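Tertiary structure, described
Here are the chains, one letter per residue:
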Amino acid sequence: RAFAAGDVDGVLGYYSKDLEHVEIDAGAPPNAPRTTDFEELENKLRGAAQGGVKLSIDNTFVADDRAACTITCELPDGRRLISNTIYDLADGKIVRQFDVQVMDPQSP
């Protein structure tokens, strides 16, 4: 609910400050994934909320030490970014987020 409501602080409450965030996409292929931390994720979430990006989650799965979902980001210009995400959990917090994502191309 926090994610869909744009409640950045609510979302960040699920994350460990020691987060490892790994992304694979067109600009970061499997042999050179983008790796960032909690602060960078916070900046991305706050920027998305301020920029009018609508976020939704579906296909959720939760186990003791893992979770997974599909995240859809709808940009104000109509494009979408879709990410299949796997979370590693420890002590009730997300310690690693692994995203494989693709974005609609920009219109010419």
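Above this note sits the structure.
Reference entry: report on the structure contained in this document. Every chain begins its residue count from 1, and numbering advances along the sequence as written. Confidence filtering applies because this is a predicted model: local features only for residues at pLDDT of at least 70, side-chain atom pairs given and counted only at 80 or more, and all residues used for totals across whole chains, interfaces and linings. Each side-chain value is derived from all of the structure's non-hydrogen atoms; neither hydrogens nor water enter the calculation.

Quick notes on the nonpolar core
The nonpolar side chains of a soluble globular protein tend to be buried, and buried together. What counts is decided by this rule: What we call a nonpolar core is a set of buried Ala, Val, Leu, Ile, Met, Phe, Trp, Tyr and Cys residues that are connected through their side-chain atoms within 4.5 Å. Burial classes follow relative accessibility: with a 1.4 Å probe on protein chains only, a residue under 20% of its type's maximum area counts as buried, one over 50% as exposed, and anything between as partly exposed. By the criteria applied, helices consist of DSSP H or I runs no shorter than four residues and strands consist of E runs no shorter than two, each listed in order from the N terminus. Contact criterion: two residues are considered in contact whenever any of their non-hydrogen atoms come within 4.5 Å of each other.
Of all hydrophobic cores here, the largest spans 19 residues; its most connected members are Tyr15, Leu45 and Tyr87. When contributions to this core are tallied by element, the ones reaching two or more residues are α1 (2–5), α2 (8–12), β1 (15–24), α3 (38–50), β4 (66–74) and β5 (80–90). With residues up to four places along the chain from it excluded, the contact list for Leu45 reads Phe3, Val8, Val11, Leu12 and Leu55.

As for the sheet that holds strand β6 (residues 93–103)
As a reminder of what qualifies: Should DSSP find at least two bridges between two strands, the strands are regarded as paired. Only C-alpha atoms enter the line fits that serve as axes; for helices the fit covers just the stretch in contact. Angles between N-to-C directions range over 0 to 180 degrees.
Ordered by their spatial adjacency, six strands build an open sheet running β2-β1-β6-β5-β4-β3, and the pairing between neighbours is mixed. Unpaired on one side and paired on the other, β2 (34–36) and β3 (54–62) mark the two borders of the sheet. The mean inter-strand angle of the sheet, taken between neighbouring strand axes irrespective of direction, is 20 degrees. Those strands touched by α3 are β1, β2, β3 and β6, and its axis lies near 75 degrees from that of β1.

Digging into the side chain of Thr85
Threshold: In protein, a polar contact requires one atom able to donate a hydrogen and another able to accept it; more generally it is a pair of N or O atoms within 3.5 Å, and residues adjacent in sequence count only if both atoms are side-chain atoms.
On the secondary structure map, Thr85 appears in strand β5. One polar contact links Thr85 to Ser83, side chain to side chain, over a distance of 3.0 Å. When near neighbours in sequence (up to four residues on either side) are disregarded, Thr85 contacts Ala67, Ala68, Cys69, Ile71, Gln97, Phe98 and Asp99.

Structural notes on the pairing of β6
Looking along a regular strand, one sees side chains alternate from face to face of the sheet. Pairing geometry for β1 and β6, over six bridges, is parallel. When the sheet's bridge partners are listed, Ile24 is paired in β6 with Val100. Where β5 and β6 come together, ten bridges link them in antiparallel fashion. Directly across from Ile82, in β6, lies its bridge partner Val102.

Thoughts on the layout of surface pockets
Stated precisely, the cut-off is as follows: Only protein atoms enter the 1 Å grid used here. Points where a 1.4 Å probe fits but cannot escape make up a cavity, open sets with protein on both sides within 12 Å along at least five of seven lines make up a pocket, and a residue lines them when an atom lies within 4 Å of a point. Grid points are joined across faces, edges and corners, and a volume is the space filled by probe spheres set on the points. Classification used: nonpolar for Ala, Val, Leu, Ile, Met, Phe, Trp, Tyr, Cys and Pro, charged for Asp, Glu, Lys and Arg, polar for all others including Gly.
The computed volume of the largest pocket comes to approximately 480 Å³. Lining the largest pocket are 20 residues, with Phe3, Tyr14, Ile57, Tyr87 and Ile94 positioned closest to its centre. Looking at the lining of the largest pocket, the elements with two or more residues in it are α1, β3, β4, β5 and β6. Here the element with the most residues in the lining of the largest pocket is β3; it accounts for five residues. Across the lining of the largest pocket, the residue classes break down as 15 nonpolar, three polar and two charged. In this structure, the second largest pocket encloses a volume near 400 Å³. Along the wall of the second largest pocket there are 20 residues; nearest its centre are Glu23, Lys44, Cys73, Leu81 and Gln101. If you list the elements that add at least two residues to the lining of the second largest pocket, you get β1, α3, β4, β5 and β6.

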